[in-house]
Amino acid sequence: MEISGAVSALGALAQETRLSIYRLLVEAGQEGESVGRIGDVLNVPGATLSFHLKELARSGLVTSRQERQFIYYAVDFERMAELMAFLTQNCCRGMPEKCLTVVETALGSCCAPSKSNPKSKKRRS
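Let me sum up the structure you'll find in this document. (Residues numbered from 1 in each chain as written. Predicted model: local features only at pLDDT ≥ 70, side-chain atom pairs only at ≥ 80, totals over all residues. Heavy atoms only, no water.)

## So, the sheet that holds strand E2 (residues 62–67)
Moving on, step 1. With respect to topology, three strands assemble into an open sheet ordered E1-E3-E2, the strand pairing being antiparallel. Of all strands in the sheet, those bounded by a partner on one side alone are strand E1 (33–34) and E2.
Moving on, step 2. Summarising the sheet, E2 and strand E3 (residues 70–75) pair through six bridges and their orientation is antiparallel. Looking across to E3, one finds that Gln66 is bridged to Ile71. (Pairing = 2+ DSSP bridges. Helix = DSSP H or I, 4+ residues; strand = E, 2+ residues; numbered from the N terminus.)

## Considerations on helix H4 (residues 46–58)
Moving on, step 1. The end-to-end C-alpha distance of H4 is 18 Å, a good match for the 18 Å that 13 residues give at a rise of 1.5 Å each.
Moving on, step 2. Regarding H4, the residues found buried are Leu49, His52, Leu53, Glu55 and Leu56. Summarising the axial view, the buried residues of H4 lie within an arc of 155 degrees, below the 170-degree limit, and thus occupy one face. Looking at H4, the residues exposed on the side facing more than 90 degrees away from the buried face are Gly46, Ala47 and Arg58.
Moving on, step 3. Where the residues of H4 are buried, they touch helix H1 (3–13), helix H2 (16–28), helix H3 (35–42), E2 and E3. (Expected span 1.5 Å × (residues − 1). Buried < 20%, exposed > 50% of the residue type's maximum accessible area, 1.4 Å probe, protein only. Arc of directions from axis to C-beta. Contact = heavy atoms within 4.5 Å.)

## Section: the pattern of salt bridges
Two side chains carrying opposite charge are able to pair once their charged atoms lie near each other.
Moving on, step 1. Enumeration over the complete set of coordinates arrives at six salt bridges.
Moving on, step 2. Here Arg58 makes a salt bridge to Glu55, at a shortest N to O gap of 3.1 Å. Highlighted residues: Arg58 and Glu55, both in helix H4, separated by three residues, approximately one helical turn.
Moving on, step 3. For Arg58, a relative accessible area of 56% translates into the label exposed.
Moving on, step 4. Given a relative accessible area of 15%, Glu55 falls into the buried group.
Moving on, step 5. One salt-bridge network, held together by shared partners, links Glu31, Arg65 and Glu67. (Salt bridge = Lys/Arg side-chain N within 4 Å of Asp/Glu carboxyl O.)

What follows is the structure, encoded as structure tokens:
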């Protein structure tokens, strides 16, 4: 990834509504979500949602597909991986395993199952 592509992607995410849309689509996985569902979940009006989805698509962070009368958007996980690789390319003075340990520790602490109630981690829609 070139620096201009990273700037475009980061710029697209540097807005609250677009970041919320992107996080929702990351959670949805490869299948993505319909435009209607995105609007319902995030309570974003149609015209506003259309503008933000266009910006995310223009940056290459999301893709769209049409199924019958519905349009679905999904994260381009390859593009996301390219951005992550670009951001960490020279991580920790050429010793990325040090950075990965920090990231893995952070993910483990925020995403570990609750010890008090293992069923409390159910996914909410």
